[in-house]
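Letter by letter, the chains look like this.
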Amino acid sequence: MEQGEKSWRGSPLDMLISDMDPNGIREVVIELEGGETETFRPRRREVFHAYELHEMASYLHAVQASIKKSQRD
């Protein structure tokens with residue numbers, strides 16, 4: 001992300017490849033297929049910390065696995 005940009009699009013893998021520092025993330029916005037969005041913000045701080053981001057990633061991974069499983073059944 002260039003200095004001055006306020007949003008970034010990509011996957012966690014893109015973040016690792018680009019050596020982007022995850023510090024300072026204020027919100028995570030997930031866009032769903034129908035165009036709806038879900039916005040997550042930290043409850044106790046102004047920015048997310050590593051543990052919170054890790055937990056969010058684990059949750060999203062579990063949701064993805066559940067969706068894939070229900071599509072196979």
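None of these values were measured; they are calculated from a predicted model.

Analysis parameters
- Residues numbered from 1 in each chain as written.
- Predicted model: local features only at pLDDT ≥ 70, side-chain atom pairs only at ≥ 80, totals over all residues.
- Heavy atoms only, no water.
- Helix = DSSP H or I, 4+ residues; strand = E, 2+ residues; numbered from the N terminus.
- Contact = heavy atoms within 4.5 Å.
- Areas by Shrake-Rupley, 256 points an atom, 1.4 Å probe, with all protein chains shown as cover.
- Pairing = 2+ DSSP bridges.
- Buried < 20%, exposed > 50% of the residue type's maximum accessible area, 1.4 Å probe, protein only.
- Polar contact = N/O pair within 3.5 Å; in protein donor to acceptor, adjacent residues only side chain to side chain.
- pLDDT = per-residue confidence, 0-100.

### Focus: the overall build of the protein chain
Here's step 1: The helix and strand inventory of the protein chain stands at two helices and two strands.
Here's step 2: When the helices and strands of the protein chain are listed from N to C terminus, the series reads α-β-β-α.
Here's step 3: Across the protein chain, the fraction of contacts at a sequence separation of at least 24, relative to all contacts at a separation of at least 6, is 11%.
Here's step 4: As presented, the protein chain carries roughly 6,900 Å² of accessible surface, and 50% of it is formed by carbon and sulfur atoms.

### What about the pairing of strand β2 (residues 37–40)?
Here's step 1: Examined bridge by bridge, strand β1 (residues 28–31) and β2 share four bridges and lie antiparallel to one another. Pairing of Ile30 across the sheet is with Glu38, part of β2.

### Re the environment of Arg45
Here's step 1: For Arg45, the location among the structural elements is in the loop between β2 and α2 (50–72).
Here's step 2: Overall, the relative accessible area of 38% leaves Arg45 in the partly exposed class.
Here's step 3: In sequence terms Arg45 and Arg26 are 19 residues apart; their C-alpha atoms lie 9.0 Å from each other.
Here's step 4: Polar side-chain contacts of Arg45 include one of 3.5 Å to the side chain of His49.
Here's step 5: A distance of 2.7 Å separates a polar atom in the side chain of Arg45 from a polar atom in the side chain of Glu52.

### A short note on the confidence of the model for the protein chain
Here's step 1: For the protein chain, the mean per-residue pLDDT works out to 79, and 74% of the residues sit at or above 70.
Here's step 2: Within the protein chain, no element has a lower average pLDDT than helix α1 (residues 12–17), which sits at 64, and none a higher one than β2, at 90.

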